[in-house]
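# Analysis of the macromolecular model
Residues per chain, in single letters:
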Amino acid sequence: MEIDYKDHGKKPYIINIEEATLGNDNYRTTIWTGEKLQTTVMAIKPGDDIGLEVHHGIDQFIRIEEGDGVCKMGPSEDNLNVEEKVGDDDVVFVPADMWHNIENTGDKPLKLYTIYAGPDHLPATVHPTHEDAENDPNED
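We now turn to the structure provided with this report. Nothing here was measured: the structure is a model prediction, and the numbers come from that model.

Next up on the list: the nonpolar core. Core analysis: the biggest nonpolar cluster contains 15 residues, and Ile-44, Ile-50, Ile-62, Ile-64, Val-92, Ile-102 and Leu-112 have the highest contact counts within it. Setting aside chain neighbours within four positions, we find Ile-64 in contact with Val-86, Gly-87, Asp-88, Asp-89, Asp-90, Ile-102, Leu-110, Lys-111 and Leu-112.

Further remarks concern the packing of aromatic side chains. For the structure shown, the criterion picks out two aromatic pairs. Ring geometry for Phe-61 versus Phe-93: centroids 5.4 Å apart, planes at 70°, classification edge-to-face. Of this pair, Phe-61 sits in strand E3 (residues 59-66) while Phe-93 sits in strand E6 (residues 91-94), and the two are 32 residues apart along the sequence. Put simply, the rings of Phe-61, Phe-93 and Tyr-113 touch in pairs and so form one group of aromatic residues.

What follows is about unusual backbone geometry. In this structure, Lys-10 is a non-glycine residue whose phi angle is positive, near 65°. Looking at the secondary structure, you find Lys-10 in the segment before helix H1 (17-23). With a phi angle near 70°, Asp-97 is a residue other than glycine that sits in the positive phi range. Here Asp-97 is to be found in the loop between E6 and strand E7 (99-104). Accessibility expressed as a relative area gives 43% for Asp-97, which makes it partly exposed.

Analysis parameters
Residues numbered from 1 in each chain as written. Predicted model: local features only at pLDDT ≥ 70, side-chain atom pairs only at ≥ 80, totals over all residues. Heavy atoms only, no water. Core = buried A, V, L, I, M, F, W, Y, C linked by side-chain atoms within 4.5 Å. Buried < 20%, exposed > 50% of the residue type's maximum accessible area, 1.4 Å probe, protein only. Contact = heavy atoms within 4.5 Å. Phe/Tyr/Trp six-rings, centres within 6.5 Å; stacked < 30°, edge-to-face > 60°. Helix = DSSP H or I, 4+ residues; strand = E, 2+ residues; numbered from the N terminus.

Here it is in structure tokens:
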């Protein structure tokens, strides 16, 4: 199946999410945005991370397809009291309003997809690099 890396939101869409995740080389690619749900695929370079963040009012599901990392979560950016290694096939459930970060501790890209229960990024958002995401005026 050929993967079309664009936002197919608000239309029925069927995709092999594992193939889409493993084939994505961008830091972040938004592949579907609806009224109450958004899905992005991500490739985090070795030594890089998602970036410490919080999503107000938005629960998040993260699945690691490939790679090794560490997930940190907590009630504030200065109190990340949960820390756990993550790798292939692990999932992370992030409650709304919970600070979190995932760092790539391996030697290859950390490939993951995330589902936001409430969109967090503008539809069709693509960030080829982490730096692009940090410099995007539409990001928190």
